[in-house]
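Tertiary structure, described
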Protein chains: 2
Amino acid sequence: MINNNPQDPLAELITTYNELNSSVIEALHEEPSPLEFMRFVARNTPFVIRGGASNWKATQTWSPAYLSEHLGDEPVNVAVTPLGYVLSNADSPTLYEDGTLVFAKPWEESQPFTEFLNYIIQQEKDPSSLQGEVHYAQTQNDNLRDEYASLFNHVQPDISFARIALQQKSPDAINLWIGNSQSTTALHKDNYENIYVQILGKKHFVLLPPHCRPCVNEKLLRPASYKRVVNDDDDPSPLLLSETTGHVLSKLKLELDKIEEASESGHGENSGLVPFATWDPEDDGPSGDYATPYSKLAQPVKVTLEPGDMLYLPAMWYHKVSQSCNPEEGICVAVNYWYDMEFAGPLYPFSAFVRSVYESQQHK
Amino acid sequence: MINNNPQDPLAELITTYNELNSSVIEALHEEPSPLEFMRFVARNTPFVIRGGASNWKATQTWSPAYLSEHLGDEPVNVAVTPLGYVLSNADSPTLYEDGTLVFAKPWEESQPFTEFLNYIIQQEKDPSSLQGEVHYAQTQNDNLRDEYASLFNHVQPDISFARIALQQKSPDAINLWIGNSQSTTALHKDNYENIYVQILGKKHFVLLPPHCRPCVNEKLLRPASYKRVVNDDDDPSPLLLSETTGHVLSKLKLELDKIEEASESGHGENSGLVPFATWDPEDDGPSGDYATPYSKLAQPVKVTLEPGDMLYLPAMWYHKVSQSCNPEEGICVAVNYWYDMEFAGPLYPFSAFVRSVYESQQHK
Ligand SMILES: O=C(O)CCC(=O)C(=O)O
Ligand SMILES: O=C(O)CCC(=O)C(=O)O
């Protein structure tokens, strides 16, 4: 009526946002005040504090030897996934044997800490020397106040500017992440305000704001889980083979999860299917297959964290995370703080609105 | 694809927001800190501070007699519109003689302050005694630091919690509003963070969040202006007549503005037409004609300001404003502070997105 030649509203949203916001992250050199932090929260905009955690005990003392000595053979939970496949990490979209994309969850097992640590260090030095598995300590269940509680007083118990600004007694979860450069976390988003602190090695974040939902090609995927196959030479199901040598790389087998009968015919939230982004903002190649017409409009914010750096990763932002290690260390270690996000106000309903406009467009 | 029976995304947006946000305004009893204020800004959510300005000199000393003495016969700019018509105030959608809705702007004239003041007080006592015009001192051009500068040091030069939180040296505009209960400001929105302070009388605000764009039935209206017709009995154009007595109520005549030739064929922003809300959230009656299918979903926030109360009216919220006077005073006086809003972050692009989704839906 008003505009006879309306633009595509979703394309207009993404480009308007791009015009008004920089895709270069703001870098601070000291902690913001709670008010300064709140201004970023209000804009739902990330920033990095270079060296913000450089004087923490963790940053100053942790090393493979130190951690090994400190934790010894204590059992820790390790996520195990096969090595060397595009899109084949923990909690990520993965090609199943029938050629469909499924949501692959890692095999989880308990390992003595030193064994776990030696594995990832050894792999970092010589990836071909090992059985072709990626090991990542990444339980996002408040593990630093639980499994790794003995390390907890090496970090801040909370991030004071965030605690004060967000009016929360304590973070909802504090998580420790230990892995090597083989571990990548696929693009996803969380309903948390996230303060991410790098301790050893580097983290490479690729960030997209919440309204980039139409770019990420979220699909409803069947959930599947890796299982470790032990001494089962009779098992006829295909194992993962090296693309180059054809050798068995791992005794890990991906199996579809059982979906409750009652919900099998359902849709959306009740179907047991997992909605997950399938586009990889860093891949112009094969997984470019998963680009949508909107993907090319996205202007990702890219930032690499060095040891001691802190990142504010605002609620509902998509993030893909990869890492690289200092060769002398061979491990990457980080700690993050999840604070509850605010569901009142415009952010949450607006993000849901972008999703439903995109989805209702897909039906046409 | 995902949801086979998608809800209307716009309806879903409004109801999701309603579920997560109260339509009862939060009331504080002292000024918030800049951080506390910033939390409301982040949620784009209004609040009121009862008695927040009760110790200002303006609140404590202004009265009709005081203002009259202080300003005397200084000339002030007065907006003049006809009395007694639904939708017939300054800057509001008004029925033109050809039966179409136009955007009516007031006749503006300079009056000696005391004359202006006596007129509105007299009218408040006996509306039928006067020539049927509404007079409102409402120039929104920073008039308290200009026309009324001699009163400026009776109010705070800025609102410190807002100045600090929003990092602005000074408000963009500080406006004085003087009128009586005949003046209503039609539903509209401003790209400003607004702190509104009541000094004399009461203000009744009806507020709608920015995403209620589909409820307000914004239309592109031809601009028109009231002109005062002086001693022109030969003028054949119709004057405004009393609905009950048929008497001439006012020598004000509404004339369509000339629209530049070049833009006459244009659309939207270049057409000279004024986009303006036509739905009145308080009217279930005749102007219920202007309701859209979404209007009934809106849950307006209603708040009445008493003398000394301060309202935070967040950027881009629709507001309709009416007033009632203390009979002994016969005037309503308020001061408001406009601070620049933040265009970075999600609020502005999202609000524009709601508009374009609604408009593209109208084309179908
Ligand atoms: O560090 C990683 O691998 C992922 C981090 C992450 O997804 C998070 O902090 O939410
Ligand atoms: O007080 C009024 O009449 C209207 C106030 C208003 O629209 C504003 O402060 O933006």
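Residues numbered from 1 in each chain as written. Chains lettered and ligands numbered in written order. Predicted model: local features only at pLDDT ≥ 70, side-chain atom pairs only at ≥ 80, totals over all residues. Heavy atoms only, no water.

As annotated in an unreviewed UniProt entry, chain A carries the name Cupin-like domain-containing protein and comes from Rhypophila decipiens.

**A few points about unusual backbone geometry**
A negative phi angle is the norm for most residues apart from glycine, just as the trans form is the norm for most peptide bonds. Residues and elements named next belong to chain B. Positioned with a positive phi, asparagine 44 is a non-glycine residue whose angle comes to about 50°. The topology assignment puts asparagine 44 in the loop between helix H2 (34-43) and strand S2 (47-49). Unlike most non-glycine residues, asparagine 217 shows phi in positive territory, near 55°. (Helix = DSSP H or I, 4+ residues; strand = E, 2+ residues; numbered from the N terminus.)

**A word on the sheet that holds strand S18 (residues 310-313) of chain A**
Residues and elements named next belong to chain A. Read across the sheet, 6 strands follow the order S1-S2-S18-S10-S20-S8 without closing on themselves; strand pairing throughout is mixed. The sheet is open, and its two edges are formed by strand S1 (26-28) and strand S8 (173-179), each paired on a single side. In this sheet, neighbouring strand axes are inclined to one another by 20° on average, regardless of whether the strands run parallel or antiparallel. Relative to S18, strand S10 (residues 192-200) is paired through 4 bridges, and the arrangement is antiparallel. Bridging across to S18, tyrosine 196 finds its partner in leucine 311. Helix H2 (residues 34-43) rests against S1, strand S2 (47-49), S10 and S18 of the sheet, and its axis sits at about 40° to S18. (Pairing = 2+ DSSP bridges. Axes fitted to C-alpha atoms, helices over the stretch in contact; angles between N-to-C directions. Contact = heavy atoms within 4.5 Å.)

**What about the state of the cysteines?**
Using the criterion set out here, one finds 0 disulfides over all chains in the structure. Free cysteine: Cys332(A), not disulfide-bonded; nearest cysteine sulfur from Cys325(A) at 3.2 Å. (Disulfide = S-S within 2.5 Å.)

**Some remarks on the pattern of salt bridges**
Pairs can form between side chains of opposite charge whenever their charged atoms are close. Taken as a whole and judged by the stated rule, the model has 30 salt bridges over all chains. In this structure, the salt-bridge partner of Asp98(A) is Arg222(A), at a minimum N-O distance of 3.0 Å. Linking Asp98(A) in the loop between strand S4 (92-95) and strand S5 (101-105) with Arg222(A) in strand S12 (residues 218-228), this pair joins segments that are 124 residues apart in sequence. Judged by relative accessible area, Arg222(A) falls into the partly exposed class, the value being 29%. Where Arg163(B) meets Asp158(B), a salt bridge forms, and the shortest distance between an N and an O atom there is 3.1 Å. Accessibility expressed as a relative area gives 27% for Arg163(B), which makes it partly exposed. Connected through salt bridges with shared partners, the residues Glu109(A), Glu133(A) and Arg228(A) form a single ionic network. (Salt bridge = Lys/Arg side-chain N within 4 Å of Asp/Glu carboxyl O. Buried < 20%, exposed > 50% of the residue type's maximum accessible area, 1.4 Å probe, protein only.)

**Observations concerning the nonpolar core**
Core analysis: the biggest nonpolar cluster contains 108 residues, and Trp62(A), Ile195(A), Trp62(B) and Ile195(B) have the highest contact counts within it. Those residues in contact with Trp62(A) that sit more than four places away from it in its chain are Lys57(A), Leu67(A), Leu151(A), His154(A), Val155(A), Leu176(A), Ile199(A), Leu200(A), Val333(A) and Val335(A). If you look at the next biggest cluster of nonpolar residues, it comprises 38 residues, including Tyr318(A), Ala11(B), Cys215(B) and Phe353(B). (Core = buried A, V, L, I, M, F, W, Y, C linked by side-chain atoms within 4.5 Å.)

**Details of helix H5 (residues 113-125) of chain A**
Residue and element names in this part refer to chain A. The terminal C-alpha atoms of H5, which comprises 13 residues, lie 19 Å apart, in line with the 18 Å expected from a rise of 1.5 Å per residue. Three or more residues of H5 are buried, namely Phe113, Thr114, Phe116, Leu117, Tyr119, Ile120, Ile121 and Gln123. Buried residues along H5 sit in contact with helix H4 (64-71), strand S3 (75-82), strand S6 (107-112), strand S7 (133-136) and S8. (Expected span 1.5 Å × (residues − 1).)

**A few points about the packing of aromatic side chains**
Residues and elements named next belong to chain A. For the coordinates displayed, the defined rule picks out 32 aromatic pairs over all chains. Considering the side-chain rings of tyrosine 192 and tryptophan 338, the 4.7 Å spacing of their centres and the 5° angle between planes classify their relative orientation as stacked. Of the two residues, tyrosine 192 sits in strand S10 while tryptophan 338 sits in strand S20 (residues 332-340), which places them 146 residues apart along the sequence. What makes tyrosine 192 partly exposed here is its relative accessible area of 22%. Residue classification places tryptophan 338 among the buried residues on the basis of a relative accessible area of 8%. (Phe/Tyr/Trp six-rings, centres within 6.5 Å; stacked < 30°, edge-to-face > 60°.)

**Here we look at the site of ligand 1**
Residues and elements named next belong to chain A. As a matter of local geometry, ligand 1 sits amid Tyr136, Trp177, Thr185, His188, Asp190, Asn194, Tyr196, Lys203, His319, Val321, Asn336 and Trp338. In the model, an oxygen atom of ligand 1 is placed 2.6 Å from a nitrogen or oxygen of the threonine 185 side chain. With respect to ligand 1, the side chain of asparagine 194 contributes an N or O atom lying 2.9 Å from an oxygen atom. Residue assignment for the shell around ligand 1 shows that the elements contributing at least two residues are strand S9 (185-188), S10, strand S19 (318-324) and S20. (Near = heavy atom within 4 Å. Polar contact = N/O pair within 3.5 Å; in protein donor to acceptor, adjacent residues only side chain to side chain.)

**A look at the site of ligand 2**
All names here are of chain B. Near ligand 2 you find Tyr136, Trp177, Thr185, His188, Asp190, Asn194, Tyr196, Lys203, His319, Val321, Asn336 and Trp338, and these make up its full shell. At 3.1 Å from an oxygen atom of ligand 2 is found a side-chain nitrogen or oxygen belonging to asparagine 336. Protein chains bury 99% of the 300 Å² of accessible surface belonging to ligand 2 in isolation. Going through the elements one at a time, strand S9 (185-188), strand S10 (192-200), strand S19 (318-324) and strand S20 (332-340) are the ones with two or more residues in the shell around ligand 2. Its residues assigned to classes, the shell around ligand 2 shows 5 nonpolar, 5 polar and 2 charged. (Areas by Shrake-Rupley, 256 points an atom, 1.4 Å probe, with all protein chains shown as cover. Nonpolar A, V, L, I, M, F, W, Y, C, P; charged D, E, K, R; others polar.)

**Some details on helix H7 (residues 347-362) of chain B**
Given a rise of 1.5 Å per residue, 16 residues ought to cover 22 Å, and the 23 Å separating the end C-alpha atoms of H7(B) matches this to within 8%. All of the buried residues along H7(B) are Leu347(B), Pro349(B), Phe350(B), Ser351(B), Ala352(B), Phe353(B), Val354(B), Ser356(B), Val357(B), Tyr358(B), Glu359(B) and Ser360(B). For H7(B), the elements touching its buried residues are helix H1 (9-20) and helix H7 (347-362) of chain A together with helix H1 (9-20) of chain B.

**Some points on the interface of chain B and chain A**
When the parts of a complex come together, some accessible area is lost, and that lost area is often taken as the interface size. Tallying the contact residues gives 45 residues for chain B and 48 residues for chain A. Summed over both partners, the interface of chain B with chain A buries about 4,300 Å², with 72% contributed by carbon and sulfur atoms. Counting the contacts that link chain B with chain A gives 2 salt bridges. Salt-bridge contacts for Arg43(B) lead to Glu342(A); the nearest nitrogen and oxygen are separated by 3.8 Å. Those elements that provide at least two residues to the side of chain B that touches chain A are H1, H2, helix H6 (160-166) and H7 of chain B. Among the elements that take part in the side of chain B that touches chain A, H7(B) stands out by supplying 11 residues, more than any other. (Buried area = accessible area lost by both parts, 1.4 Å probe.)

**A short note on the relation of the copies chain B and chain A**
Of the transformation placing chain B onto chain A, the axial shift is 0.0 Å and the rotation is 180°, giving an RMSD of 0.0 Å. Such a combination of turn and shift is consistent with a two-fold rotation axis. Within chain B, Ala42(B) has its C-alpha nearest the rotation axis, a separation of 1.9 Å. (Least-squares fit on C-alpha atoms with pLDDT ≥ 70 in both.)

**Thoughts on the packing of H7(A) against H1(B)**
Close contact between H7(A) and H1(B) brings their axes to 9 Å; oriented N to C, the two are set at 160°. With respect to each other, H7(A) and H1(B) are oriented roughly antiparallel. In terms of crossing hand, the pair formed by H7(A) and H1(B) is right-handed. Taken together, the residues of H1(B) that come into contact with H7(A) (itself represented by Tyr348(A), Pro349(A), Phe350(A), Phe353(A), Ser356(A), Val357(A) and Ser360(A)) are Pro9(B), Leu10(B), Glu12(B), Leu13(B), Thr16(B), Tyr17(B) and Leu20(B). Each residue belonging to the contact of H7(A) with H1(B) can be placed in one class, and the counts come to 10 nonpolar, 3 polar and 1 charged. (Parallel < 35°, antiparallel > 145°, perpendicular 65-115°, else oblique. Left-handed = near helix turned anticlockwise from the far one by under 90°.)

**As for the sheet that holds S20(B)**
Residue and element names in this part refer to chain B. Taken in spatial order, the 6 strands line up as S1-S2-S18-S10-S20-S8 in an open sheet, and their pairing is mixed. Looking along the sheet, the strands with just one partner apiece sit at the ends: strand S1 (26-28) and strand S8 (173-179). In this sheet, adjacent strand axes meet at a mean angle of 20° when their direction is disregarded. Pairing of S8 with S20, which is carried by 7 bridges, proceeds in the antiparallel orientation. Bridging across to S20, glycine 179 finds its partner in cysteine 332. The sheet strands contacting H2 are S1, S2, S10 and strand S18 (310-313), and the helix crosses S18 at an angle near 40°.

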